[in-house]
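If you want the building blocks of each chain, they are given just below.
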Amino acid sequence: MNSGIINILKPAGMTSNAVLSKIKKLLHPNKIGHLGTLDPSASGVLPICINKATKLFDYYLKKDKTYRTIFVFGKETDTIDSDGKTIKKDEKNIEKSEIFDVIPKLLGKQSQIPPNYSAKKIDGKRAYDLARNGSEFELKPKEVEIFSIDIIEQIAKNTFLFQIKCSSGTYVRSIARDMAKLLNTVAYVGAIIRTQSGSFEIENSILIDTVSTDSIMPLKNILKDRQNVFVLDELYDKITNGCEICTEIKNLDCCVVYCKGELIGLGNIEDSKLKITTNLREKND
């Protein structure tokens, strides 16, 4: 089976790991992994890496994300989503103009505290397991960046649909919590759909039940946004054995290297010397 990425449309109510397990049973890949967890209650884009594509985690995991999400003000749950138990209520009526006023305070680089019900680990244990057991703990803030928060429409009283663009690792539930705090009220997330993860968009995503080997996007297509470097055929043995080779290019980071028409991997060029940093050869499995 060739390596590549499958752009899955994860359904709400299914964990990201459950998606992996199902695809593993369908395709039986040697290696499999996903590019960023989605909450069980969330739906949307979940790119699944197959075989050699799992080596691209460091390149694609930290890509920016886009979400459509519903914030409901006036009630807070312990999980900050619709699956949790109500822990606070507030009768304040929130106007769209008030939200416009606080949005600028939520944008930019910042230290964001993850929700207690999250997959973050504390001393080897998941935060959501500690929270369910009633354990007291404190999560460390994480550096994230929120690029934009747009109000798409007001759905009902205290219920708004947003589009949010942010860096990888940002918790939409934390944005709802922090926005509510600025508005002197409480809130929870009614729904989350991830519409984009890096270059993977919801319009091109597929349902799990339709997955086949034909669903795998080849590595050469995934890496088309990077500069290609073609190595002379006679240098094939050297480049595939990890040797440095001389090039006419002075310096270039993270280029896609081909030789004899074969994708060799990702490499860096420094002082006209090319070195493979990530081996992506299919024949090397």
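Provided above is the structure to which this section pertains.
On a predicted model such as this, the values are computed, not experimentally measured, just so you know.

Rules behind the numbers
- Residues numbered from 1 in each chain as written.
- Predicted model: local features only at pLDDT ≥ 70, side-chain atom pairs only at ≥ 80, totals over all residues.
- Heavy atoms only, no water.
- Helix = DSSP H or I, 4+ residues; strand = E, 2+ residues; numbered from the N terminus.
- Buried < 20%, exposed > 50% of the residue type's maximum accessible area, 1.4 Å probe, protein only.
- Contact = heavy atoms within 4.5 Å.
- Lys, Arg positive; Asp, Glu negative; His and termini not counted.
- Charge placed at Lys NZ, Arg CZ, Asp CG, Glu CD.
- Patch = residues over 30% accessible without salt bridge, like charges linked within 9 Å, V, L, I, M, F, W, Y side chains within 5 Å.
- Areas by Shrake-Rupley, 256 points an atom, 1.4 Å probe, with all protein chains shown as cover.
- Salt bridge = Lys/Arg side-chain N within 4 Å of Asp/Glu carboxyl O.
- Pairing = 2+ DSSP bridges.
- Arc of directions from axis to C-beta.
- Core = buried A, V, L, I, M, F, W, Y, C linked by side-chain atoms within 4.5 Å.
- Disulfide = S-S within 2.5 Å.
- Axes fitted to C-alpha atoms, helices over the stretch in contact; angles between N-to-C directions.
- Parallel < 35°, antiparallel > 145°, perpendicular 65-115°, else oblique.
- Left-handed = near helix turned anticlockwise from the far one by under 90°.
- Nonpolar A, V, L, I, M, F, W, Y, C, P; charged D, E, K, R; others polar.

### Focus: the overall build of the chain
Within the chain, the regular secondary structure consists of seven helices and 19 strands. When its C-alpha atoms are laid out on the principal axes, the chain stretches across 75 × 40 × 40 Å. Buried residues in the chain amount to 47% of all 285 residues. Pairs at least 24 apart in sequence give 67% of the contacts found in the chain among residues at least 6 apart. Of the charged side chains in the chain, 42 are positive and 37 negative; the average position of the first set lies 4 Å away from that of the second.

### Digging into a negative patch on the surface
A grouping of Glu244, Asp253, Glu270 and Asp271 is seen on the molecular surface, where their side chains present a negatively charged patch. When you line up the elements, aspartate 271 lands in the loop between β18 (262–270) and β19 (273–279).

### With respect to the sheet that holds strand β15 (residues 228–231)
Pairing is mixed in the open sheet, where five strands are placed in the order β15-β17-β18-β19-β16. Two strands lie at the open edges of the sheet, namely β15 and β16 (245–246), each paired on one side alone.

### Examining helix α3 (residues 96–106)
Those residues of α3 not exposed but buried are Ile99, Val102, Ile103 and Leu106. One side of α3 holds all its buried residues, which, seen down the axis, span an arc of 130°. For α3, exposure combined with an orientation more than 90 degrees from the buried face picks out Asp101, Pro104 and Lys105.

### Some points on the nonpolar core
Residues Phe71, Phe73, Ile99 and Met179 are the most contacted members of the largest nonpolar core, which totals 39 residues. When residues of this core are assigned to their parent elements, the largest contribution, five residues, is made by helix α5 (residues 172–182). Aside from chain neighbours lying at most four places away, what touches phenylalanine 71 is Asn158, Thr159, Phe160, Phe162, Ile164, Val172, Ile175, Ala176, Met179, Tyr188 and Val189. In this structure, Ile5, Val45, Cys254 and Tyr258 belong to the second largest nonpolar core, which totals 17 residues.

### Looking at the state of the cysteines
According to the stated counting rule, one finds zero disulfides in the structure shown. With no disulfide of its own, cysteine 166 lies 19 Å from the sulfur of cysteine 49, the closest cysteine sulfur. The buried category is assigned to cysteine 166, whose relative accessible area is 1%. Of all cysteine sulfurs in the structure, the one in cysteine 255 sits closest to cysteine 254, which takes part in no disulfide; the separation is 7.5 Å. Taking relative accessible area as the criterion, cysteine 254 reaches 14% and is therefore assigned buried.

### Considering the packing of α3 against α5
At a minimum axis separation of 10 Å, α3 and α5 run at an interaxial angle of 125°. In terms of their interaxial angle, α3 and α5 are classed as oblique. When you trace α3 past α5, the crossing you get is right-handed. Between α3 and α5, the contacting residues are Ile99, Val102, Ile103, Lys105 and Leu106 on the first element and Asp178, Met179 and Leu182 on the second. Across the contact of α3 with α5, the residue classes tally to six nonpolar, no polar and two charged.

### Some points on α5
Buried residues of α5: Val172, Arg173, Ser174, Ile175, Ala176, Met179 and Ala180, and no others. Packing partners of the buried residues in α5 comprise β4 (65–73), α3, β7 (108–112), β10 (142–156), β11 (159–166) and β12 (187–197). Looking one or two residues past α5, asparagine 184 carries a phi angle of roughly 60°, positive in sign.

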